[in-house]
Amino acid sequence: MGKGGEDYGKREKASSEASDREIFKAWAKDVSECEEHFKVSVKKGLTHDEVENRRKIYGLNELEKHDGQSIWSLILEQFNDTLVRILLVAAIVSFVLAWYDGDEGGEMEITAFVEPLVIFLILIVNAVVGVWQESNAEKALDALKEIQSEHAVVIRDGARIPSLPAKDLVPGDIVDLKVGDKVPADMRVVQLISSTLRLEQGSLTGESEAVNKTNKPVEEDADIQGKKCMVFAGTTVVNGNCLCLVTQIGMDTEIGKVHTQIHVASQSEEDTPLKKKLNEFGERLTMIIGLICILVWLINVKYFLSWEIVDGWPRNFKFSFEKCTYYFEIAVALAVAAIPEGLPAVITTCLALGTRKMAQKNALVRKLPSVETLGCTTVICSDKTGTLTTNQMAVAKLIAIGHNVDTLRAFKVEGTTYNPSDGQIENWPTSGLDANLQMIAKIAAICNDAGVAQSEHKFVAHGMPTEAALKVLVEKMGLPDGSKDVGSGSTLLRCCEWWNEHNRRIGTLEFDRDRKSMGVIVDSGLVKPSLLVKGAVENVLDRSSKIQLRDGSIVKLDDNARNLILQALHEMSTSALRCLGFAYKDELPGFDNYSGKDDHPAHQLLLDPSNYSSIESELIFVGLVGLRDPPREEVYQAIEDCREAGIRVMVITGDNKNTAEAICREIGVFSPDEDISSKSLTGRDFMELHDKKAYLRQSGGLLFSRAEPRHKQEIVRLLKEEGEVVAMTGDGVNDAPALKLADIGVAMGIAGTEVAKEASDMVLADDNFSSIVSAVGEGRSIYNNMKAFIRYMISSNIGEVASIFLTAALGIPEGLIPVQLLWVNLVTDGPPATALGFNPPDKDIMKKPPRRSDDSLINLWILFRYLVIGIYVGLATVGVFIIWYTHGSFLGIDLSGDGHSLVTYSQLANWGQCSSWKNFTASPFTAGANTITFDNPCDYFQTGKVKAMTLSLSVLVAIEMFNSLNALSEDGSLLTMPPWVNPWLLLAMSVSFGLHFLILYVPFLARVFGIVPLSFNEWLLVLAVALPVILIDEILKFVGRCTSGSRARSKQKTE
């Protein structure tokens, strides 16, 4: 809605002043006290002048719009990354050098500009993706505004205003609420117009059912669920009509507090564990690159700076700017070689592929980095309703009356959904429905306003979930014997329809908070109508004087029978079942011949709710049922999987303590006989603890009931401070701040509000807890694969650095230029690295404890291994360069076919002094269809190195392809994990080799990359030099397996 027409500076000041004022606890005050405090009459409302004065004080009734980051600050933020900054410096330096070279012209000008332009392109793409992700971050706040009411019916100056914009409300306004209205502000109920008022506020408070409201005050310290006389902005009226007094507007409402909490949580978002590791790696890389660059310059300073010692002091300095620039280019090449430029692209690709896999398991990932974070989740904080449970009420137990007044019959009812075919009733009498069961079925079917329908592949309730569950029970009970005249055999609720066809409903006694029951008057075709009642067992029992036995006979309800029923009620209540009692009455004084018409005297009785209690007296009790929101069948195994995987499960719910404890025992968070007095607290009790962190450190599961948004946030914050990686589930508005604050926010796709979805990192398409566990397993697998390709790419870069360092240290001509290294890092290495993301997951992946968030990507042994491999890559690429210049054949492979001149190693290492050599000549040589000739023999070490450079590049590509096979497993041999376990890797290697052939044999590309085609013998040399990398790593893996095995054995002995 924005900030409105008011000046925002004034508005800010006004809102801060409002927050400083002591809050008037309207929920704990009588209506008259509220009227006095707000200086308003319920009948007349505020005057126009009072409204204007209050608007100046309180502002408009709307949520503030926090100014997000400017587009420029978002762009600059993308460069606040060590790797990116190194790349940026490398690109700028490359561009300056390319410009400098361009003044001299020549063919190398194109090559020089390709490198900085490609690096700039990488940086631009990275920045665009980053800005796009950041700009979507605050959508949760926009979604929150969508659930605000737009209009309200208000009484002002003694007149009704039928459609006042909700933003114009001020504290003290009198608002008329009716069924279907969205509450426009936090308000105190001052007058009930209907007998009952119910609101759906679960999205704000976490309660699983609509809540009854009253105009009577409650305790001052009541929690949000306990404020029965308050209605909250954004909630919906599902039953009744009332007048309310506005007490809080805008940011001071409960939804306004959630808005603030979301904003604060979004400001404190942290990097993912992997991002932290890559940042640390980037910082170390910067230091290493700096040291190596300095070392390279120190080694080569003699080539561009010389001096003479005269009288003990250096004199006659000679400086060669051209050679200084050349070695500066080597330093730039070193930076390009050290940075795995392709890593961000490969990580993004792997995470995107991971999201597709997760989507197949009903986990829809909204933010790519969360895929990896899931892999190190240590704590799952789960909501109860709809996540651990089905969010569908179902009858679990039916209690009917036996042959005599001292016996009860108990039936266990199977099924957890609204599907009438889901489960049956255990030990159901084979003789069918006796008279007592018939009456229970009749009351459950007719004293009921709900319905059940099939939507796609699911069964959904229309109306109150409790009543829908009763209709499903009736279908499972079946019909009385001999009743075959059902209207339609294909109808979903055919039994309920039969009961309603034979018993016409002619009057309704609406539910109210005092009676806690609902009654209907029916015409069963007899002389007199009868009354059917359902409601809270204690209340129905209090108004009953008789009881119906199994055979339909009626006897007096004595104290023994009453106590027996109350005992059954107590047992069901302690099992967290919500109980309803059934009763009826055949004798209705004053209702003779009543058919529902308004001209009958009885009709006047029904218009006054105060008569309902006397009508519902002297009832005949027939039985009771226990209902619950049952746990999902697959959750128990999912909790077990979490336990095996070392993940703790904490249940945080807005529901009451007894219900939550019973569910937690049933799904395995707690064992059936476990003492949970120290593991189950209400949100308020937890907040009053002296040492909250110590409480959260307890092993095993924990339960927090009656939790408010701030409680959830505090729990998540403390867990994160303890180093835990927290996944938080939620579906309501009240969950959004904690979803935003958690490492992984998981929203419900079906029951979740848009606010929760926008604040989350992941959305569950099926609202199922077990989908989170599957996603964690997938996240672990993805992380392992990412670790494999990160190590692969880093080991390749170590090889490139070793190659350039050796080139500089030995003083030989540059064997690899920056644009070639860029091509290898971005294109050639990319497909195999991506394909490593398809490695099959380990079978025991969910039987290992979660990796620590500070777990290093590369331990000392792995670093040593890749240093050895890197040194070999350096030796191989530099070695093949030297071999071509100094040997006519190698390992029996003839290299003289192109007619190139051979030089000694000493000449190659001192090529800069070529101009001083006497009688030095260089013969032309062939490269594919080209012939390389030289006007100046010394050009043999510059333009003439093109064939040797091509060999070095080809060896580098071949080694890195073979090295990708080594990366299939961290320690496993290729004999136990052969290449074909991941066919995508073999395909990727083929693609990379194909791309390399492309730049070799397409003349334009060969010219850009400064390379030439190779002959068959030269390819044999490449393979001969590259293949040993597999053997070297197999030996290192074998040593690693032996040492890790001995470490494990010694650890077992010490234990």
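Right, let's walk through the structure included here. Because the structure is a prediction, the values reported are computed rather than measured.

Each value, and the rule that gives it
Residues numbered from 1 in each chain as written. Predicted model: local features only at pLDDT ≥ 70, side-chain atom pairs only at ≥ 80, totals over all residues. Heavy atoms only, no water. Helix = DSSP H or I, 4+ residues; strand = E, 2+ residues; numbered from the N terminus. Buried < 20%, exposed > 50% of the residue type's maximum accessible area, 1.4 Å probe, protein only. Contact = heavy atoms within 4.5 Å. Areas by Shrake-Rupley, 256 points an atom, 1.4 Å probe, with all protein chains shown as cover. Pairing = 2+ DSSP bridges. Disulfide = S-S within 2.5 Å. Core = buried A, V, L, I, M, F, W, Y, C linked by side-chain atoms within 4.5 Å. Axes fitted to C-alpha atoms, helices over the stretch in contact; angles between N-to-C directions. Parallel < 35°, antiparallel > 145°, perpendicular 65-115°, else oblique. Left-handed = near helix turned anticlockwise from the far one by under 90°.

## Let's talk about the overall build of the protein
Here is step 1 of the chain: If you tally the helices and strands in the protein, you get 37 helices and 34 strands.
Here is step 2 of the chain: By the burial criterion, 55% of the 1055 residues in the protein qualify as buried.
Here is step 3 of the chain: In the protein, once contacts between residues fewer than 6 apart in sequence are set aside, the share between residues at least 24 apart is 71%.
Here is step 4 of the chain: Counting only carbon and sulfur atoms, one obtains 56% of the accessible surface of the protein, whose full area is about 45700 Å².

## Here we look at the pairing of strand β2 (residues 159–165)
Here is step 1 of the chain: In terms of strand pairing, strand β1 (residues 151–156) meets β2 through five bridges, oriented antiparallel. Across the sheet, residue H151 finds its bridge partner in β2, namely P165.
Here is step 2 of the chain: What sits between β1 and β2 in their antiparallel hairpin is a turn of two residues, with D157 showing a positive phi close to 50°.

## Examining the state of the cysteines
Here is step 1 of the chain: Tallied over the full model, the rule gives one disulfide.
Here is step 2 of the chain: Lacking any disulfide linkage, C229 is separated from the closest cysteine sulfur, that of C34, by 7.6 Å.

## Quick look at the nonpolar core
Here is step 1 of the chain: F769, Y885 and Y940 are the most contacted members of the largest nonpolar core, which totals 145 residues.
Here is step 2 of the chain: Tallying contributions element by element places helix α28 (residues 769–810) first for this core, with 16 residues.
Here is step 3 of the chain: Residue contacts for Y885: discarding those within four places in its chain leaves S901, L902, V903, L908, Y940, F941, G944, K945 and A948.
Here is step 4 of the chain: Ranked by size, the runner-up nonpolar core spans 55 residues in total, among them V51, C381, Y695 and V763.

## Notes on the sheet that holds strand β4 (residues 186–192)
Here is step 1 of the chain: On the basis of which strands lie adjacent, the open sheet formed by six strands has the order β2-β1-β3-β9-β4-β7 and antiparallel pairing. Pairing within the sheet leaves two strands with one partner each, and these edge strands are β2 and β7 (230–231).
Here is step 2 of the chain: Bridge count between β4 and strand β9 (residues 242–248): six bridges; the pairing is antiparallel. For Q191, the partnering residue across the bridge sits in β9 and is L243.
Here is step 3 of the chain: The strands touched by helix α2 (residues 31–38) are β4 and β9; relative to β9, the strand with the most contacts, the crossing angle is about 50°.

## Some words on the packing of α28 against helix α33 (residues 946–966)
Here is step 1 of the chain: It is at 10 Å that the axes of α28 and α33 come closest, and there the two elements cross at 150°. Here α33 runs roughly antiparallel to α28, going by the angle between their axes. α28 and α33 meet at a crossing whose hand is right-handed. The segment α28 lies against α33, with Y792, S795, S796 and E800 engaging L956, E960, M961, N963 and S964.

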